[in-house]
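# Breakdown of the fold
Residue-level listing of the chains:
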Amino acid sequence: FLETAAYFCMKPKMGEKEVSPHSFFSIWHEFSSDFKDFWKKENKLILQERVKEAEEVCRQKKGKSLYNIRPKHDSGIVSKNCSNI
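Residues numbered from 1 in each chain as written. Predicted model: local features only at pLDDT ≥ 70, side-chain atom pairs only at ≥ 80, totals over all residues. Heavy atoms only, no water.

This part is about the overall build of the protein. Scanning the protein from terminus to terminus reveals three helices and zero strands. With 85 residues in all, the protein has 5% of them scored as buried. When the accessible surface of the protein is summed, it comes to about 8,800 Å², and 59% of that surface belongs to carbon and sulfur atoms. (Helix = DSSP H or I, 4+ residues; strand = E, 2+ residues; numbered from the N terminus. Buried < 20%, exposed > 50% of the residue type's maximum accessible area, 1.4 Å probe, protein only. Areas by Shrake-Rupley, 256 points an atom, 1.4 Å probe, with all protein chains shown as cover.)

Attention shifts here to the pattern of salt bridges. As enumerated under the stated definition, the model contains one salt bridge in all. Of the charged contacts, one joins Arg59 and Glu56 as a salt bridge, the two residues approaching to 2.8 Å between their closest N and O atoms. Of this pair, Arg59 and Glu56 both sit in helix α2 (residues 21–63), three residues apart, roughly one helical turn. (Salt bridge = Lys/Arg side-chain N within 4 Å of Asp/Glu carboxyl O.)

This part covers the side chain of Ser23. The topology assignment puts Ser23 in helix α2. The class of Ser23 is buried, set by a relative accessible area of 7%. Every residue in contact with Ser23, bar those within four places of it in the chain, is listed here: Met10 and Lys13. (Contact = heavy atoms within 4.5 Å.)

Quick look at the packing of aromatic side chains now. Applying the stated criterion across every chain yields a total of 10 aromatic pairs. Geometrically, the ring pair formed by Phe1 and Phe24 is edge-to-face, given 5.5 Å between the ring centres and 90° between the ring planes. Here Phe24 lies in helix α2 and Phe1 lies in the segment before α1 (2–7), a separation of 23 residues in the sequence. Here Phe1 falls in the partly exposed class, since its relative accessible area comes to 38%. (Phe/Tyr/Trp six-rings, centres within 6.5 Å; stacked < 30°, edge-to-face > 60°.)

This part covers unusual backbone geometry. Where the residue is not glycine, phi is negative for most of them; where a peptide bond is considered, it is trans in most cases. A positive phi angle, close to 60°, is found at Cys9, a residue other than glycine. Its location among the elements puts Cys9 in the loop between α1 and α2. The class of Cys9 is exposed, set by a relative accessible area of 62%.

A grouping of Phe1, Leu2, Tyr7, Phe8, Phe25, Trp28, Phe31, Phe35 and Trp39 is seen on the molecular surface, where their side chains present a nonpolar patch of about 1,000 Å² in accessible area. Every element with two or more residues in the nonpolar patch is listed here: α1 and α2. (Patch = residues over 30% accessible without salt bridge, like charges linked within 9 Å, V, L, I, M, F, W, Y side chains within 5 Å.)

Shown next, in the form of structure tokens:
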């Protein structure tokens, strides 16, 4: 524990000889909970951006027609019989 506290440059509070686990982990808990909150917010923003991009791609693909619709020509038997009337 003391090596870990020294690695993170923790110094004992005034009147204490060594860094106590309570003081170290109280700071660590605050850091980790803040980091978790920011992580969730950032992931949510990234997800929203990706959804918007996917919707835009889908909207662009729907705008482009993948097939052509040709007008119907009167060339069948019914059209020939109706023209004689």
